[in-house]
Amino acid sequence: MRELTREQKAELEDIYQRFLHDEKVMRMEEIQMHRGSSCYIHSFRVAKLCILKAARYKRYNMQNLKDVLVAAILHDYYLYDWREHHELKKKHGRRHPLVACENAVRDFNIPKEVQDIIKSHMWPLTPHLYPKTKEAKLVNRMDNHIATREALTFRAFKKKRHEKYLKMISHLFDK
Ligand SMILES: [Fe+2]
Ligand SMILES: [Fe+2]
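First things first, this report covers the structure right here in the doc. (Residues numbered from 1 in each chain as written. Chains lettered and ligands numbered in written order. Predicted model: local features only at pLDDT ≥ 70, side-chain atom pairs only at ≥ 80, totals over all residues.)

**Topic: the overall build of the protein chain**
Item 1. Broken down by element type, the protein chain carries six helices and zero strands.
Item 2. The 175 residues of the protein chain split such that 35% are buried.
Item 3. Contacts spanning at least 24 positions in sequence make up 66% of the contacts within the protein chain whose residues lie at least 6 apart. (Helix = DSSP H or I, 4+ residues; strand = E, 2+ residues; numbered from the N terminus. Buried ≥ 20, exposed ≤ 12 C-beta atoms within 10 Å, placed from the backbone. Contact = placed C-beta atoms within 7 Å.)

Structure below.
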């Protein structure tokens, strides 16, 4: 178990809040993910779970934590609704990590380490894009976990219930 300094927590919180209120990122609010969430909520949910796990371990240095956070927020930044595009339905699972990565490079100029995490988040559906680093493996696993829970929920999406995902992340580090 590790303790982040106040400055480190503030730095991560700042990244989280900047993306949370970014108009480009907020376009994901319009895109339905699974039954119980929008793409926006799903992404911040995955980001919170990833950072909660990663912040506990010393083997994740500060740069690793920042990469995990940004990649988790942008891992589904593909910005289209596959339900509205018949031709995309079949390909969506394999294609969207690459589209999300391309969009994230265009809009946020993300580094190679973050790009690799985004590209491999759907493995094993994309056998050639194996998550090689611990950061990529973490985002891959947590996304899978959250996606399964969202897909299995019978509760309809309610904005209020999800507000807790749209607040701070700093408190997670004190648990
Ligand atoms: Fe995805
Ligand atoms: Fe996802």
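Structure shown, so let's carry the discussion forward.
**Here's the deal with the packing of helix α4 (residues 92–108) against helix α5 (residues 112–119)**
Item 1. In the contact formed by α4 and α5, the axes pass within 8 Å of each other and the chain directions differ by 155°. With respect to α5, the axis of α4 lies roughly antiparallel. In this structure, α4 crosses over α5, and the sense of that crossing is right-handed. On α5, the residues touching Pro-97, Leu-98, Ala-100, Cys-101, Ala-104 and Val-105 of α4 are Gln-115, Ile-118 and Lys-119.
Item 2. For the contact of α4 with α5, a count of residues per class yields seven nonpolar, one polar and one charged. (Axes fitted to C-alpha atoms, helices over the stretch in contact; angles between N-to-C directions. Parallel < 35°, antiparallel > 145°, perpendicular 65-115°, else oblique. Left-handed = near helix turned anticlockwise from the far one by under 90°. Nonpolar A, V, L, I, M, F, W, Y, C, P; charged D, E, K, R; others polar.)

**A word on α5**
At 3.6 residues per turn, the α-helix brings residues three or four places apart onto the same side.
Item 1. Listed in full, the buried residues belonging to α5 are Val-114, Gln-115, Ile-117, Ile-118 and Lys-119.
Item 2. Those residues of α5 hidden inside the fold are in contact with α3 (62–74), α4 and α6 (134–152).

**Section: the nonpolar core**
Item 1. Core analysis: the largest hydrophobic core is formed by 40 residues, its most contacted members being Cys-50, Ile-51, Val-68, Leu-69, Ala-71, Ala-72 and Val-139.
Item 2. Among the secondary structure elements, those contributing two or more residues to this core are α1 (6–20), α2 (39–54), α3, α4, α5 and α6.
Item 3. For this core, the element with the highest residue contribution is α2, accounting for 10 residues.
Item 4. In this view, Leu-69 contacts Leu-12, Ile-15, Tyr-16, Ala-47 and Ile-51; residues no more than four positions away in its chain are not counted. (Core = buried A, V, L, I, M, F, W, Y, C linked by C-beta atoms within 7 Å.)

**Points about α3**
Item 1. Its 13 residues place the ends of α3 19 Å apart at the C-alpha level, agreeing with the 18 Å of an ideal helix rising 1.5 Å per residue.
Item 2. By the criterion of burial, α3 is predominantly enclosed, with 10 of the 13 residues buried.
Item 3. Packed against the buried residues of α3 are α1, α2, α4, α5 and α6. (Expected span 1.5 Å × (residues − 1).)

**Some words on unusual backbone geometry**
Item 1. A cis amide bond, omega 15°, links Trp-123 with the succeeding residue Pro-124.
Item 2. Mapped onto the fold, Pro-124 is located in the loop between α5 and α6.
Item 3. At Leu-79, a residue that is not glycine, the phi angle is positive and equals roughly 60°.
Item 4. Note that Leu-79 resides in the loop between α3 and α4.
Item 5. C-beta crowding within 10 Å serves as the criterion here: with 17 such atoms nearby, Leu-79 is assigned to the partly exposed category.

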